[in-house]
Amino acid sequence: DVEGKSALNTAASECHEEVVRVLLGDARADPNLADRDGNTPLLIAADEGHTSVVKLLTSSDRVDPNMTDQSGNTPLMIAAHNGYAAIVQLLLRSDLCDPNVESPEGRTAVDYAAFQGRMSNLVLLLSDHRTKRSRPTEDSGGSFSLADRGASRRTYDQALRAVILPRRARFRGLVRAMVAFRR
């Protein structure tokens, strides 16, 4: 159209699941085609919180979940920033999704979730075995204020504890069971 949007971009933007499904089945429709603003259908759906459309798009092996917009943000970064935990979870289920992609400023989805205080998104990201666990630093904040950076580190630490402590408890329970079994 005049705005440079494909039919699939428009369908993703307006959350038309059936249209997205039909277009994904058409080999002529490119699911990674970006509009003039650099937004692919997956970026649009992730930004607007359209969980059902993200689910359809991530189920297709033709969709690249690591494509970035003009600012260098992936759908995972956008969903983590906006607080869409269900979309973060769907994206992380994709084997193709890389949670460690960095924006031009050096930020990852973990940084965006931490700076926004999105605890559930942080727990999801830190629970994924592919995610590099690196605590946000003073200089990784970019345009964030010093107070926001401190808060993001505290949020990150809380989320990491929420991920690690249950794992330790399960391990201790397993050890206890093994010791009891030997007796």
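We now turn to the structure provided with this report. Just so it is clear, the structure is predicted and the values come from calculations on it, not from any experiment. (Residues numbered from 1 in each chain as written. Predicted model: local features only at pLDDT ≥ 70, side-chain atom pairs only at ≥ 80, totals over all residues. Heavy atoms only, no water.)

## Concerning the pattern of salt bridges
Basically, it comes down to this: Note on definitions: salt bridges are taken to be side-chain nitrogens of Lys or Arg within 4 Å of carboxyl oxygens of Asp or Glu. Only DSSP runs of H or I with at least four residues qualify as helices, and only runs of E with at least two residues qualify as strands; both kinds are numbered from the N terminus onward. Relative accessibility thresholds used throughout: buried, under 20% of the residue-type maximum; exposed, over 50%; partly exposed, between the two (1.4 Å probe, protein chains only).
Throughout the structure, instances matching the rule amount to three salt bridges. Residue Arg-21 is joined to Glu-18 by a salt bridge in which the shortest nitrogen-to-oxygen separation is 2.7 Å. Remark: Glu-18 and Arg-21 occur in helix 2 (residues 17–25); sequence separation between them is three residues, near one turn of the helix. A salt bridge links Arg-28 to Asp-26; its shortest N-O distance comes to 3.0 Å. With a relative accessible area of 23%, Asp-26 lands in the partly exposed category.

## Details of helix 4 (residues 51–58)
Operational definition: In what follows, a contact means two residues having at least one pair of non-hydrogen atoms within 4.5 Å.
Inspection of helix 4 places Val-53, Val-54, Leu-56, Leu-57 and Thr-58 among the buried residues, and these make up the whole buried set. Each element contacted by the buried residues of helix 4 is listed here: helix 1 (7–13), helix 2, helix 3 (41–48) and helix 6 (85–93).

## Focus on the nonpolar core
Inclusion rule: Side-chain atoms within 4.5 Å link the members of a nonpolar core, which is a set of buried Ala, Val, Leu, Ile, Met, Phe, Trp, Tyr and Cys residues.
Within the largest apolar cluster, 38 residues are counted, with the highest numbers of intra-cluster contacts made by Val-20, Leu-57, Leu-76, Leu-91, Leu-122, Leu-125 and Leu-126. Excluding residues within four positions of it along the chain, Leu-91 makes contact with Leu-42, Val-54, Thr-58, Pro-75, Leu-76, Ala-79 and Cys-97.

## Overview of the side chain of Asp-111
Put simply, the test is: Charge counting follows a simple rule: Lys and Arg are positive, Asp and Glu are negative, and His as well as the terminal groups are ignored. N or O atoms within 3.5 Å of each other form a polar contact, as long as, within protein, one can give a hydrogen and the other can take it, and as long as residues adjacent in sequence are counted only when both atoms are side-chain atoms.
You can see Asp-111 is positioned in helix 7 (residues 109–116). Among buried charged residues, Asp-111 stands out as having no salt bridge; its nearest opposite-charge side chain is Arg-107, 6.3 Å away. A distance of 2.9 Å separates a polar side-chain atom of Asp-111 from the backbone nitrogen of Thr-108. If we skip the residues at most four places from it in the chain, Asp-111 touches Gly-106 and Pro-136.

## What to know about the environment of Leu-122
Counting through the fold element by element, Leu-122 comes out in helix 8 (residues 119–127). Taking C-alpha positions, Leu-122 is 8.4 Å from Thr-155, a pair spaced 33 residues apart along the chain. Setting aside its immediate chain neighbours within four residues, Leu-122 contacts Val-110, Ala-113, Ala-114, Thr-155, Tyr-156 and Ala-159.

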